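Listed below, chain by chain, are the residues.
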Amino acid sequence: PGHSDALHLTGLIDYQEGQHERAVHSIEQALALRPHHAAAWSNLGLALTALRRLEEAVAWIDRFHELWTARFDALDAVIDTLKREEQAHVRQKRK
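This report concerns the structure included in the present document. None of the values given here were measured: they were computed from a predicted structure.

## Considering the packing of helix H1 (residues 4-16) against helix H2 (residues 20-33)
Two numbers describe how H1 lies on H2: the axes approach to 7 Å, and their chain directions differ by 160°. By the angle between their directions, the pair H1 and H2 is classed as roughly antiparallel. When you trace H1 past H2, the crossing you get is left-handed. Counting all contacts with H1, which are made through Ser4, Leu7, His8, Thr10, Gly11, Leu12, Asp14 and Tyr15, the residues of H2 involved are His20, Arg22, Ala23, Ser26, Ile27, Gln29, Ala30 and Leu33.

## Details of H2
With 14 residues, H2 should cover 20 Å at 1.5 Å per step; its first-to-last C-alpha distance of 20 Å lies within 8% of that length. Turning to H2, its buried residues are Ala23, Val24, Ser26, Ile27, Ala30 and Leu31. The inward-facing, buried residues of H2 contact H1 and helix H3 (38-50).

## So, the side chain of His8
Examined against the element boundaries, His8 turns out to sit in helix H1. When its relative accessible area of 6% is taken as the criterion, His8 is described as buried. Residue contacts for His8: discarding those within four places in its chain leaves Ile27, Ala30, His37, Ala39, Ala40 and Asn43.

## Notes on unusual backbone geometry
A positive phi angle, close to 65°, is found at Arg52, a residue other than glycine. Since its relative accessible area comes to 61%, Arg52 is described here as exposed.

## Looking at the packing of H1 against H3
Two numbers describe how H1 lies on H3: the axes approach to 10 Å, and their chain directions differ by 30°. In terms of their interaxial angle, H1 and H3 are classed as roughly parallel. Two packed elements cross with a definite hand, and for H1 against H3 that hand is left-handed. When H1 is examined against H3, the residues His8, Leu12 and Tyr15 are found in contact with a partner set consisting of Ala39, Ala40, Asn43, Leu46, Ala47 and Ala50. Tallied by class, residues from the contact of H1 with H3 come to seven nonpolar, two polar and no charged.

Calculation notes
Residues numbered from 1 in each chain as written. Predicted model: local features only at pLDDT ≥ 70, side-chain atom pairs only at ≥ 80, totals over all residues. Heavy atoms only, no water. Axes fitted to C-alpha atoms, helices over the stretch in contact; angles between N-to-C directions. Helix = DSSP H or I, 4+ residues; strand = E, 2+ residues; numbered from the N terminus. Parallel < 35°, antiparallel > 145°, perpendicular 65-115°, else oblique. Left-handed = near helix turned anticlockwise from the far one by under 90°. Contact = heavy atoms within 4.5 Å. Expected span 1.5 Å × (residues − 1). Buried < 20%, exposed > 50% of the residue type's maximum accessible area, 1.4 Å probe, protein only. Nonpolar A, V, L, I, M, F, W, Y, C, P; charged D, E, K, R; others polar.

Just geometry here; none of it tells us what the structure is for.
Structure follows, in structure tokens:
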């Protein structure tokens, strides 16, 4: 308890063993400790789907999608910055 990765993995094992209520509980605890854990959001959506709690599942899966999109947007911004810095460096060297 108290370690988000351990709680998430426990929930994933519970899910794989068909213990979906336990899976939801463990993964929700993991997310309380680490709210930006995209894989945990996705796995929570799967566990909720298995329980036929479909409205909740859709909300959790949407959150997973938002987190992954934000990660890639942030990565794209870093790449763009690095490219601009490299271009500026090359121009500076030519002078």
